[in-house]
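Each chain, written out:
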Amino acid sequence: MSNNFRMVAKTLYGFEDILARELRNLGAINVTPGVRNVSFEGDTGFMYKANLCLRTAIKIIKPIKHFKVKNEDDLYQRIYAMDWSPYLTADDTFAIDATIFSDAFSHSLYVAQKTKDAIADSFRDRKGRRPSVDLENPDLRINIHIHKEHCNVSLDSSGASLHHRGYRTATNIAPINEVLAAGLLLLSGWDGQCDFLDPMCGSGTIPIEAAMIACNIPPNINRKGFAFEKWKDFDPSLYEKIIASSLNKVREFPFSITGYDKAPSAVQKARENVANANLSDYIQIEQKNFFLSQKATERHLHLLFNPPYGERLPVEMEEFYTHIGNTLKRGYPGTDAWLITSNLEALKFVGLRPSAKIKVYNSHLESRLVKYAIYEGSKKAKYKTTS
């Protein structure tokens, strides 16, 4: 008999297909992409592995109940009637996260409050005592998702968002989310088969995620923990086997990964984070102004960066993006250059025709991941054949 069950991996907009591919590569079955999520099936060990190894997932939740609800009182009765004893005791703590897409429900906080009341009242009426709420570090985190009249009750196996990898202790003004960085790298086709450069690396997130992909290191190996470690059915020996098996798949990387930043403070922070991730052998962080630089290798180069948008870091957009284009044209032949920006007007000043443009979101900002293929010599020469 199969011990598989359904799970849902949440992700960022535009990453659904690459997350689905990640899941299939890990061994998930019945993988179905949705909007900002991918549903799949696996067993308990796979749930542990998904949290540890998925690069583009924000959370892994385990649905335990589905029903239709008309209003808050209906929701209360349904939650009250559930048997919570397999998941929770009166001595435990819990927290509720609610997401609402329904005209029948006014506010997600009120739905969370109603759910909390129903669980607490159910325990008090049946056991004489009730579990406490702990919003910061609960023993059980419960996810309520209501879409129209459909309500899904799930257990959150991750806890804190999976972008909290555990290596980043030092950040700059506008750090890029780790899941976003990993997703951009995968969307760009980065597979660790050439040299890599982030010419505006900030606190080092993109080079670190690039190295983890190149070496097949589990992205969440440095995390302090996951919510499932507090579950009643947690199997520590199985989890240790999953960790050992995942680390056994780590591979060597024969190329270079480099990050530039012109700010000494950013360079220092990036080096600290690289050290925290145990990747100092693979990543070189240098204090350098990209606009005064040239490609440092004869080999093909994969370049990906997150330049200022003018949102949180003030720059003169026209001049700045003109410099980006000129630097790439002048100093970076044989390079696939990728950048993400929410400033679509600024892209006009790069002066290069993009060969790919992918819609993504950086936090709430609609953005584009853009590719510029910088050829060796002229483009014509690249396709010239000799007889």
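Numbers given to residues run from 1 along each chain, matching the order in which its sequence is written. Confidence filtering applies because this is a predicted model: local features only for residues at pLDDT of at least 70, side-chain atom pairs given and counted only at 80 or more, and all residues used for totals across whole chains, interfaces and linings. Neither water nor hydrogens contribute to the side-chain values; these are computed over all heavy atoms in the structure.

On to helix 3 (residues 72-81), then. Residues separated by three or four positions in an α-helix point in the same direction, a consequence of the helix having 3.6 residues per turn. Glu72, Leu75, Tyr76 and Ile79 are the residues of helix 3 that are buried. Viewed end-on, helix 3 has its buried residues packed into an arc of 100°, placing them on one side of the element. Throughout, exposure labels follow a simple rule: accessible area from a 1.4 Å probe, protein chains only, divided by the maximum for the residue type, with under 20% read as buried, over 50% as exposed, and the rest as partly exposed. Put simply, DSSP marks the helices as runs of H or I at least four residues long and the strands as runs of E at least two long, and each gets a number from the N terminus on. Regarding the arc, it is the one traced by the directions from the helix axis to the C-beta atoms.

Mapped onto the secondary structure, Arg223 falls in the loop between helix 6 (205-215) and helix 7 (236-247). For Arg223, which is buried and forms no salt bridge, the nearest opposite charge comes from Glu229, at a distance of 7.1 Å. Among residues more than four places away in sequence, those in contact with Arg223 are Ser158, Ala160, Ser161, Leu162, His164, Arg165 and Gly166. Counting rule for charge: Lys and Arg are taken as positive, Asp and Glu as negative, and neither His nor the chain ends is counted. What counts as a salt bridge is simple: a side-chain nitrogen of Lys or Arg found within 4 Å of a carboxyl oxygen of Asp or Glu. Whether two residues are in contact is decided by their heavy atoms, any of which lying within 4.5 Å being enough.

Positioned with a positive phi, Arg36 is a non-glycine residue whose angle comes to about 60°. Considering the arrangement of structural elements, one finds Arg36 in the loop between strand 2 (29-33) and strand 3 (37-42). Since its relative accessible area comes to 42%, Arg36 is described here as partly exposed. Of note, Asn278 is a non-glycine position whose phi angle comes to about 60°, a positive value.

Turning our attention to the packing of aromatic side chains. Centre distance within 6.5 Å is the pairing criterion for rings of Phe, Tyr and Trp, where only the six-membered ring of Trp is used; planes under 30 degrees apart are then read as stacked, over 60 as edge-to-face, and the remainder as tilted. Within this structure, the stated rule accounts for 20 aromatic pairs. On the basis of an interplanar angle of 10° and a centroid distance of 5.3 Å, the ring pair of Phe226 and Phe228 is categorised as stacked. Per residue, the accessibility class of Phe226 equals that of Phe228, and both read buried. When the centroid spacing of 5.9 Å and the interplanar angle of 40° are considered together, the rings of Phe228 and Phe234 count as tilted. For Phe234, a relative accessible area of 19% puts it in the buried group. One aromatic cluster is present, formed by Phe290, Phe291, Phe305, Phe320, Tyr321 and Tyr332 through successive ring pairs. Any Lys NZ or Arg CZ found within 6 Å of a ring centre and within 35 degrees of that ring's normal is scored as a charge over the ring. If you follow Lys62 out to its NZ or CZ, it ends over the ring of Phe5, 4.2 Å from the centre. The positively charged end of Arg126 is found above the aromatic ring belonging to Tyr80, 5.6 Å away from the centroid.

Another aspect to go through is the pairing of strand 1 (residues 5-10). Pairing of strand 1 with strand 3 involves six bridges; the strand directions are antiparallel. By the bridge assignment, Arg6 is partnered in strand 3 with Glu41. Bridge count between strand 1 and strand 4 (residues 59-68): three bridges; the pairing is antiparallel. Bridging across to strand 4, Lys10 finds its partner in Lys59. Here, any two strands with at least 2 DSSP bridges between them count as paired.

Turning our eyes to something else, we now look at the state of the cysteines. Here is the idea: a disulfide is a covalent bond, and it sits between the sulfur atoms of two cysteines. To count as a disulfide, a pair of cysteine sulfur atoms needs to be within 2.5 Å. Scanning the entire structure with this criterion turns up zero disulfides. In this structure Cys201 is not part of a disulfide, and its nearest cysteine sulfur, from Cys215, lies 17 Å away. Of the residues examined, Cys201 reaches a relative accessible area of 6% and is grouped as buried.

What follows is about the sheet that holds strand 9 (residues 195-198). What the seven strands build is an open sheet, ordered 11-10-9-12-13-15-14; its pairing is mixed. Strands at the two margins of the open sheet, each flanked by one partner only, are strand 11 (283-287) and strand 14 (356-362). This sheet shows a mean twist of 20° between the axes of neighbouring strands, independent of strand direction. With five bridges connecting them, strand 12 (residues 301-305) and strand 13 (residues 335-341) associate as parallel partners. When the sheet's bridge partners are listed, Phe305 is paired in strand 13 with Leu339. For helices, the axis comes from a line fit to the C-alpha atoms of the stretch in contact; other axes are also lines fit to C-alpha atoms, and the angle between any two N-to-C directions lies between 0 and 180 degrees. Sheet strands touched by helix 6: strand 9, strand 10 (257-261), strand 11 and strand 12. Its angle to strand 10, the strand with the most contacts, is close to 175°.

Any two side chains of opposite charge can pair if their charged atoms end up close together. A complete count under the given rule lists 15 salt bridges for this structure. With its nearest N and O atoms 2.9 Å apart, the salt bridge here joins Lys232 to Asp92. Here Lys232, found in the loop between helix 6 and helix 7, pairs with Asp92, found in the loop between helix 3 and strand 5 (93-101); they are 140 residues apart in sequence, far enough to count as distant.

Nonpolar cores are built from buried Ala, Val, Leu, Ile, Met, Phe, Trp, Tyr and Cys residues. Side-chain atoms within 4.5 Å join them into one set. Among the nonpolar cores identified, the biggest contains 53 residues, and Leu23, Ile79, Ile142 and Ile144 are the most heavily contacted of them. Ranked by residue count, the leading element in this core is helix 2 (residues 44-53), at six residues. Filtering out sequence-adjacent residues up to four positions away, Leu23 remains in contact with Ala9, Ala28, Val31, Val38, Phe40, Phe46 and Leu54. Counting residues in hydrophobic clusters, the runner-up holds 36 residues, among them Ala181, Met212, Val360 and Leu369.

Turning next to the environment of Leu303. Among the secondary structure elements, Leu303 is positioned in strand 12. In sequence terms Leu303 and Trp190 are 113 residues apart; their C-alpha atoms lie 9.4 Å from each other. Excluding residues that lie within four positions of it along the chain, Leu303 makes contacts with Leu197, Pro199, Phe290, Leu328, Tyr332, Thr335, Asp336, Ala337 and Trp338.

On to the packing of helix 1 (residues 16-26) against helix 2, then. Relative to each other, helix 1 and helix 2 sit at 130°, their axes nearing to 11 Å. Between helix 1 and helix 2, the crossing angle belongs to the class labelled oblique. Taken as a pair, helix 1 and helix 2 cross one another with a handedness that is right-handed. On helix 2, the residues touching Glu22, Leu23 and Leu26 of helix 1 are Phe46, Lys49, Ala50 and Cys53. Charged residues are taken to be Asp, Glu, Lys and Arg, nonpolar residues to be Ala, Val, Leu, Ile, Met, Phe, Trp, Tyr, Cys and Pro, and polar residues to be all remaining types, Gly included. Split by residue class, the contact of helix 1 with helix 2 holds five nonpolar, no polar and two charged. Working rule for angles: under 35 degrees goes down as roughly parallel, over 145 as roughly antiparallel, 65 to 115 as roughly perpendicular, anything else as oblique. Each crossing is labelled by how the near helix is turned from the far one, with a counterclockwise turn of less than a right angle marking it left-handed and a clockwise turn marking it right-handed.

Here we come to helix 4 (residues 108-127). For helix 4, built from 20 residues, the straight-helix expectation of 28 Å at 1.5 Å per residue is met to within 8% by its first-to-last C-alpha distance of 28 Å. Inspection of helix 4 places Val111, Ala112, Lys114, Thr115, Lys116, Ala118, Ile119, Ala120, Asp121, Ser122 and Phe123 among the buried residues, and these make up the whole buried set. Tucked inside the fold, the buried residues of helix 4 contact helix 3, strand 5, strand 6 (132-133) and strand 7 (140-147). Immediately downstream of helix 4, the backbone of Gly128 shows phi near 85°, a positive value. One less than the number of residues in a helix, times 1.5 Å, gives the span that helix is expected to have.

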